[in-house]
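Next come the chains, spelled out residue by residue.
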Amino acid sequence: MIPGNFLSATTEAVDPNTSGWAAKLNCTISLGTGGRNGDGTLKLTSTASGEMQARTASSYDVVVGVTYAAFCDASGTTVPERIGIRWLTSTGTEVSVTWGLTTATASATWHRISVGGVAPMGAARAQVLVSASPAAGAVVSNFENVYFGWPLRFAGNLFSFNTEQAEIDATGWAVESNGTLSRTVPMFSWPVDWYYSGGQVTTLTVTANGNASALSVERPPVTPGMEYVGYAYLNPPTSGSACWVELRFYDAGGSQIQATRSTLAAPSTGTYRQIASAVAPAAAATASLAFGITGATAAQILRSEGAVIKARTATITSAAPNSNVVTFADSEFEQGVGQWTVASGVATVARSTPWAAQSISNGYSLTVTSSTATASTVRSGKYPVTELLPWRPSVALKRVAGSWTLTSISVRWFDATDSLITTTTSSAVAIPSDGAWWSYSADTTAPAGAATAQIDVVLAAGATSSTLQVDLVRLTQVLPAIEVESDDSTASISLIARELVTSRTMTVYRIGPDGSRTVVRGRAGLLENVPITDETLSVEDYEAPLGVPVSYRLEFLNGTTGKYAGAYTSLRATIAVGDRNYSWLKDPARPQLNLRVLVKQAPDWTQPIEQNAMRIRGRQNALVLSGQRGGREGSLVVWTQTDSEREALRRLLASGATLLWQSAPDMGEPDVYVSVGSTAAPRVSPFAPESWREWTLPLTEQDRPITGLAGSATWTVQDVLVENESVLSLISRYATVLDLALDQRSS
């Protein structure tokens, strides 16, 4: 299921049938085969010449002024295709249709078509349309993997959706020199589960022989001293074309003060992600991204899409914070060799070529070549560190030719005056067979007074003409693989797990004192056998019991074989009980609403059961037929003591969702999930403070819900600024300030 899709799974994948679709114009629909998101496809067969269209059988709520996106994969040997969003009134009358561009040519290979648009005045609902225009009857086009909803965007991108993906129009970009700009839909095939590229792309056509470039119109704000990455997908006209992206910084007056260019070494004429990175200089206020081609020929075409400027994170597509103090340029070699030099020996260094020929992360690595069987030291730049803390240098190496030994990974520690304090050195290890990447690390501690550190990779070639690749160089402060910390103010325990392997799946358990296991809740639901998508996991467990020491265990399975692949186990953590006269009422799906309340009276539980007594003549005892005894029922009586507490309890109860009631363990009331019936909240007494209320909460025991936590882990004020033009758009998108904080949109 595509994340955030308004469409049902059947409509999205066209499996197991076409019930999510209806013919709209000049065609019949049937279930095709050969899809990638499941085998089924939406097969359109034209009735006669002319445009044929199919639509989703259902329509979906939209809000006027809000941007929506649609895409799907298409395949057709005869005619090009396009996709559209059909805007409807609340009564189903068509308002207008926003069409994406038609593909440049027909292709039987699955390719992406897409469109973005703002819901117009009068629109209350929307449908997805797919279309092709054959010249005869009995022509077939296939569609599948269909999405409709809010735009799916790269995490942390400072650009708006239209600048990132050019799905609405070409206004996010402007010609900088020697060219014209347009949008086209080339026949690019993308993985079925990649949702951030494909469809309409920004197209730069060179006017005359020479250099040509385009520049983003948007200039998002940046922070001086922070490291940023900028990237875009480039589709060069030839493999020999000198195409590039450039990350630029501007001062408060709009003058450019720094530019960092990263040139693509294209292996062919496909589409390649090229990355530039730099630290924002002291006077930086805004940034932009440019792309272009050097030494172009008139009429050559350079295509680009998926443009991003973002603060550096753990990986370029994630939102997880970066912990590596080695700059991106020195760690990943995407724009050259960075600050790396050969400190001793005969070795030479260069960026690998072409793109993706040698890399374990992104497109490039550092190529180290030794002409003789001797040792060489390859040295990095200097990076800020904190004294007396444990640090871990690591590097990925791949033997390409000859023979190599990693003599050591050494760290040179410098004080604030740039004087060398000491050097710590790891032990030697031979680098095994050609063709495989191997990761090496050596834990060490920064000495007193250390302010910066420098990495030496000491290598010994065992044969003439030896070649080695270096990539993903890291220097990170070492943190526990798993740690827990309780927060008594929210009655929760935070769990952080690090150094996870993304090829595995995991289950996260809470372990009670008696060894019992409970699966912990994450943002997408219960964390049971879920794929690992990042190296770091952060979870807040709001359902941990009060006053009871618990630990956490992460168990891993191989993502391919399903076999056990290890586990992490944490230390214990305990949430303080506090005053025993108080209990917690919690919404497992929306922990921001959780509330601690004063209890007047605990429930006198009953457990109802359906029974039918049959009294048989001549028999003393009745024959009783019983159903299953139900869960507990009873009324909890609590007091709210302030106006704000009263409103907080009203918000908590408003949704009618299943709640968790938690009390001190010695109160004889184990944690229980409940639904709350009709409530009453009279004043406590004529003599109590005016704001006090006595709430009678009828409770009925429920099963534990499996929903995920609401909100977005990456939702920030910057996201609000980028995705909303004005306060009016916020009003139409979010019903309350709480919904804004949680990113819970009205539709």
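Residues numbered from 1 in each chain as written. Predicted model: local features only at pLDDT ≥ 70, side-chain atom pairs only at ≥ 80, totals over all residues. Heavy atoms only, no water.

Novice: I tried to follow the overall build of the chain on my own but got confused; where do I start?
Specialist: Along the backbone of the chain there are 7 helices and 51 strands. On the principal axes, the C-alpha backbone points of the chain span a range of 105 × 80 × 60 Å. With 747 residues in all, the chain has 49% of them scored as buried. Intrachain contacts of the chain at a sequence separation of at least 6 include 72% that bridge at least 24 residues. On the chain, roughly 31,700 Å² of surface is accessible, and the fraction owed to carbon and sulfur atoms is 52%. Averaged over its 52 positive side-chain charges, the chain has a centre that lies 4 Å from the centre of its 62 negative ones. (Helix = DSSP H or I, 4+ residues; strand = E, 2+ residues; numbered from the N terminus. Buried < 20%, exposed > 50% of the residue type's maximum accessible area, 1.4 Å probe, protein only. Contact = heavy atoms within 4.5 Å. Areas by Shrake-Rupley, 256 points an atom, 1.4 Å probe, with all protein chains shown as cover. Lys, Arg positive; Asp, Glu negative; His and termini not counted. Charge placed at Lys NZ, Arg CZ, Asp CG, Glu CD.)

Novice: Explain the pattern of salt bridges here, please?
Specialist: In a structure, side chains of opposite charge can pair up when their charged atoms sit close to one another. For the structure on display, the rule yields 27 salt bridges. Here E701 ties to R632 by a salt bridge, and the two come within 3.2 Å at their closest N and O atoms. Remark: R632 occurs in the loop between β47 (623–626) and β48 (633–640) and E701 occurs in strand β51 (residues 693–701); sequence separation between them is 69 residues. One connected set of salt bridges, linked through shared partners, spans E176, E246, R248 and R261. (Salt bridge = Lys/Arg side-chain N within 4 Å of Asp/Glu carboxyl O.)

Novice: What exactly am I supposed to notice about the sheet that holds strand β21 (residues 301–311) here?
Specialist: Backbone hydrogen bonds hold the strands of a sheet together, and the pairing may be parallel or antiparallel. Ordered by their spatial adjacency, 5 strands build an open sheet running β13-β14-β21-β16-β19, and the pairing between neighbours is antiparallel. Here the strands that pair on one side only, and so sit at the sheet edges, are β13 (179–184) and β19 (272–279). Recorded for the sheet is a direction-independent mean angle of 30° between the axes of neighbouring strands. In the sheet, strand β16 (residues 227–235) pairs with β21 via 7 bridges, with the strands oriented antiparallel. Within β21, the residue paired with N235 across the bridge is R303. (Pairing = 2+ DSSP bridges. Axes fitted to C-alpha atoms, helices over the stretch in contact; angles between N-to-C directions.)

Novice: Looking at this structure, I do not really get the sheet that holds strand β2 (residues 27–32). What am I missing?
Specialist: The strand order β2-β3-β11-β6-β9 describes an open sheet built from 5 strands, whose pairing is antiparallel. On the outer flanks of this sheet lie β2 and β9 (107–118), each paired with one strand and no other. In this sheet, neighbouring strand axes are inclined to one another by 30° on average, regardless of whether the strands run parallel or antiparallel.

Novice: So what exactly am I meant to see when it comes to the packing of aromatic side chains here?
Specialist: Describing an aromatic ring pair means giving the distance of the ring centres and the angle of the ring planes. Enumeration according to the criterion identifies 21 aromatic pairs in this entry. Put simply, the rings of F6, Y60, Y68, W87, F148 and W150 pair up and form one aromatic cluster. The residue whose ring lies beneath R219 is Y250, and the NZ or CZ to ring-centre distance is 3.7 Å. Cation over ring: R273 sits above Y231, and NZ or CZ is 5.7 Å from the ring centre. (Phe/Tyr/Trp six-rings, centres within 6.5 Å; stacked < 30°, edge-to-face > 60°. Lys NZ or Arg CZ within 6 Å of the ring centre and 35° of its normal.)

Novice: Help me understand the pairing of strand β10 (residues 125–132) in this model?
Specialist: On a regular strand, one side chain projects to one face of the sheet and the next to the other, so that they alternate. Within β10, 7 of the 8 residues are buried, which leaves it mostly tucked inside the rest of the structure. Across 4 bridges, strand β4 (residues 52–56) lies against β10 in antiparallel orientation. Directly across from A54, in β10, lies its bridge partner V130. In this sheet, β10 lies alongside strand β5 (residues 60–61) in antiparallel orientation, the contact comprising 2 bridges. By the bridge assignment for β10, D61 is matched with R125. Pairing of strand β7 (residues 81–88) with β10 involves 8 bridges; the strand directions are antiparallel.

Novice: What am I meant to see in the pairing of strand β20 (residues 286–296) here?
Specialist: Extensive coverage of β20 is indicated by the burial of 9 of its 11 residues. Pairing between strand β15 (residues 210–216) and β20: 5 bridges, direction antiparallel. Bridge assignment links A212 to a residue of β20, and that residue is I293. In this structure, strand β17 (residues 242–250) lies alongside β20, joined through 9 bridges in antiparallel fashion. Bridge pairing links R248 to S288 in β20.

Novice: Just checking my understanding: could you explain the environment of F154 for this structure?
Specialist: Here F154 lies in the loop between β11 (140–149) and α2 (161–165). Exposure remark for F154: the relative accessible area of 4% places this residue in the buried category. Considering only alpha carbons, one finds F154 and I616, 462 residues apart in sequence, at a separation of 73 Å. Setting aside residues no more than four positions away along its own chain, F154 makes contact with E164, W194, Y196, S197, Y231, Y233, G306, V308 and T317.

Novice: What should I look at first to understand a nonpolar patch on the surface in this one?
Specialist: On the surface, a cluster of nonpolar side chains totalling about 330 Å² of accessible area is made up of M614, I616, L623 and L625. Within the secondary structure, L623 is located in strand β47. Assessed through its relative accessible area of 35%, L623 is described here as partly exposed. (Patch = residues over 30% accessible without salt bridge, like charges linked within 9 Å, V, L, I, M, F, W, Y side chains within 5 Å.)

Novice: Is there a simple way to explain the side chain of N37 in this structure?
Specialist: Relative to the elements of secondary structure, N37 occurs in the loop between β2 and β3 (41–46). Within the structure, the side chain of N37 is placed 2.8 Å from the side chain of N145, a separation counted as a polar contact. Apart from residues lying up to four places away in sequence, N37 is in contact with E12, A13, D15, E144, N145 and V192. (Polar contact = N/O pair within 3.5 Å; in protein donor to acceptor, adjacent residues only side chain to side chain.)

Novice: What am I meant to see in empty space enclosed by the protein here?
Specialist: Which parts of space are left empty comes out when a probe the size of a water molecule is rolled across the atoms. Taken as a whole and assessed by the stated rule, the structure comprises 3 cavities of 30 Å³ or more. Put simply, the largest cavity is a space of about 100 Å³. The wall of the largest cavity is formed by 16 residues, among which A69, F71, Q165, E167 and Y195 lie closest to the centre. Here the lining of the largest cavity is built from residues that sort into 10 nonpolar, 4 polar and 2 charged. (1 Å grid on protein atoms, 1.4 Å probe; cavity = no way out; pocket = protein on both sides within 12 Å on 5 of 7 lines; lining within 4 Å. Points joined across faces, edges and corners; volume = space filled by probe spheres on them. Nonpolar A, V, L, I, M, F, W, Y, C, P; charged D, E, K, R; others polar.)

Novice: Help me out: how do you make sense of helix α4 (residues 643–654) in this one?
Specialist: End to end, α4 covers 16 Å across 12 residues, agreeing with the expected 16 Å (1.5 Å per residue, within 8%). Turning to α4, its buried residues are E645, R646, A648, L649, L652 and L653. Along the long axis of α4, the arc covered by the buried residues comes to 160°, so they all point the same way. Projecting away from the buried face of α4 at angles above 90 degrees are the exposed residues S644 and A654. Those residues of α4 that are buried lie in contact with β44 (582–586), β45 (595–601), β48, β49 (659–662), β50 (672–676) and β51. The first or second residue beyond α4 is G656, which carries a positive phi of 75°. (Expected span 1.5 Å × (residues − 1). Arc of directions from axis to C-beta.)

Novice: Help me understand the side chain of T103 in this model?
Specialist: By the element assignment, T103 lies in the loop between β8 (94–99) and β9. Within the structure, the side chain of T103 is placed 3.3 Å from the backbone oxygen of T105, a separation counted as a polar contact. Look past the residues within four positions of T103 in its chain and what remains in contact with it is P80, E81, H111, I113, V185 and M187.

Novice: I'm lost on the environment of G525 in this one. Help?
Specialist: Counting through the fold element by element, G525 comes out in strand β39 (residues 525–526). G525 gets classed as buried once you look at its relative accessible area, which sits at 4%. Each C-alpha atom of the pair G525 and A463 lies 54 Å from the other, and the pair is 62 residues apart in sequence. Discounting chain neighbours no more than four positions away, the residues touching G525 are V520, I706, T707 and G708.

Novice: Any chance you could explain unusual backbone geometry here in plain terms?
Specialist: Glycine aside, residues mostly have negative phi, and peptide bonds are mostly found in the trans state. Of the consecutive residues D15 and P16, the connecting peptide bond is found in the cis state with omega at 5°. Following the sequence through the fold, P16 ends up in the loop between α1 (9–13) and β1 (21–25). In this structure, A138 takes a positive phi of about 65° despite not being glycine. Inspection of the secondary structure puts A138 in the loop between β10 and β11. We classify A138 as exposed; its relative accessible area is 60%. Even without glycine at this site, A491 takes up a positive phi of about 50°.

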